[in-house]
Amino acid sequence: METLSVLQGRKKNNNNRLTRQSKIFKSILRAIQDKKGDKIVSLDLRKIPEAAADFFIVCEASSTTQIKAICDEVEDRVKNDCGEYPYKQEGRQQLQWVLIDYVNVVVHVMHPESRKFYKLEEMWSDASFQEHGAQ
């Protein structure tokens, strides 16, 4: 698994704090749901001073084809709905854990084994956690 260094050395934009009602947040969720992402959760990191973003949105997909489809849909939807492009992304070659960084919200699309191994929800257990079901 490649190192996900995208979050190192950059600052989140505190002038543009997001909420779960923000357009980009909703666009990302709809894109994941449209491509049948599974076990979708959001972690609210706004009260954690050392957090690199306001939110993490985490989901899983059972195949590399589905991981790619979810990532492509997230990028297309956010570009069309919000006019935003990712600040950075990693993991597109292996398609086991793809990270799409929109600065204040970071999307993690993971294969189930990668998600079990890295345990992002446990690592950020002091964050507010919300599950997001299918549309």
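Preceding this paragraph is the structure being described.
Note that the structure is predicted; figures quoted are calculated from it, not measured. (Residues numbered from 1 in each chain as written. Predicted model: local features only at pLDDT ≥ 70, side-chain atom pairs only at ≥ 80, totals over all residues. Heavy atoms only, no water.)

**Quick word on the sheet that holds strand E5 (residues 105-110)**
Right, on to step 1. The strand order across the open sheet built from six strands is E3-E4-E5-E2-E1-E6, with neighbouring strands paired in mixed fashion. Sheet topology places strand E3 (88-90) and strand E6 (128-132) at the edges, where each strand pairs with a single neighbour. On average, each strand axis in the sheet is tilted by 15° relative to the strand beside it, whichever way the strands run.
Right, on to step 2. When strand E1 (residues 38-44) meets strand E2 (residues 55-60), the two strands line up antiparallel, connected through five bridges. Within E2, the residue paired with Val-41 across the bridge is Val-58. (Pairing = 2+ DSSP bridges. Helix = DSSP H or I, 4+ residues; strand = E, 2+ residues; numbered from the N terminus. Axes fitted to C-alpha atoms, helices over the stretch in contact; angles between N-to-C directions.)

**Some details on helix H2 (residues 64-82)**
Right, on to step 1. A rise of 1.5 Å per residue sets the reference length of H2, with its 19 residues, at 27 Å; its end C-alpha atoms lie 26 Å apart and thus fit the reference within 8%.
Right, on to step 2. Of the positions making up H2, those classed as buried are Gln-66, Ile-67, Ile-70, Cys-71, Glu-73, Val-74, Glu-75, Arg-77 and Val-78.
Right, on to step 3. A positive phi of about 70° marks Gly-83, the residue just after H2. (Expected span 1.5 Å × (residues − 1). Buried < 20%, exposed > 50% of the residue type's maximum accessible area, 1.4 Å probe, protein only.)

**Quick word on the pattern of salt bridges**
Right, on to step 1. By the definition in use, this model includes ten salt bridges.
Right, on to step 2. The residue Asp-81 makes a salt bridge to Arg-30 at a minimum N-O spacing of 3.1 Å. Within this pair, whereas Asp-81 is found in helix H2, its partner Arg-30 is found in helix H1 (residues 23-34), the two being separated by 51 residues in sequence.
Right, on to step 3. Judged by relative accessible area, which is 30%, Arg-30 ranks as partly exposed. (Salt bridge = Lys/Arg side-chain N within 4 Å of Asp/Glu carboxyl O.)

**Description of H1**
Right, on to step 1. Taking 1.5 Å of rise per residue, the twelve residues of H1 would be expected to cover 16 Å, and the 16 Å separating its terminal C-alpha atoms lies within 8% of that figure.
Right, on to step 2. Within the sequence span of H1, burial applies to Ile-24, Phe-25, Ser-27, Ile-28, Leu-29, Ala-31, Ile-32 and Gln-33.
Right, on to step 3. Among the structural elements, E1, E2, H2, E5 and E6 are those in contact with the buried residues of H1.
Right, on to step 4. Positive backbone phi, at 65°, marks Lys-36, one or two positions downstream of H1. (Contact = heavy atoms within 4.5 Å.)

**Details of the packing of H1 against H2**
Right, on to step 1. One way to put it is that H1 packs onto H2 with a least axis distance of 8 Å and a crossing angle of 145°. For the element pair H1 and H2, the recorded crossing hand is right-handed. Here Lys-23, Ile-24, Ser-27, Ile-28, Arg-30, Ala-31, Ile-32 and Asp-34 of H1 come into contact with H2, specifically with Ile-70, Glu-73, Val-74, Arg-77, Val-78, Asp-81 and Cys-82.
Right, on to step 2. Across the contact of H1 with H2, the residue classes break down as eight nonpolar, one polar and six charged. (Left-handed = near helix turned anticlockwise from the far one by under 90°. Nonpolar A, V, L, I, M, F, W, Y, C, P; charged D, E, K, R; others polar.)

**A few points about the nonpolar core**
Right, on to step 1. Ile-28, Ile-32, Ile-57, Val-74, Tyr-102 and Val-105 are the most contacted members of the largest nonpolar core, which has 24 residues in total.
Right, on to step 2. Elements with a minimum of two residues in this core: H1, E2, H2, strand E4 (97-101) and E5.
Right, on to step 3. When residues in this core are grouped by element, the largest group, six residues, is from H1.
Right, on to step 4. In this view, Val-74 contacts Ile-28, Ala-31, Ile-32, Ile-100, Tyr-102 and Val-107; residues no more than four positions away in its chain are not counted.
Right, on to step 5. Ala-53, Trp-97, Leu-99 and Met-110 belong to the second-largest nonpolar core, a separate cluster that totals 15 residues. (Core = buried A, V, L, I, M, F, W, Y, C linked by side-chain atoms within 4.5 Å.)

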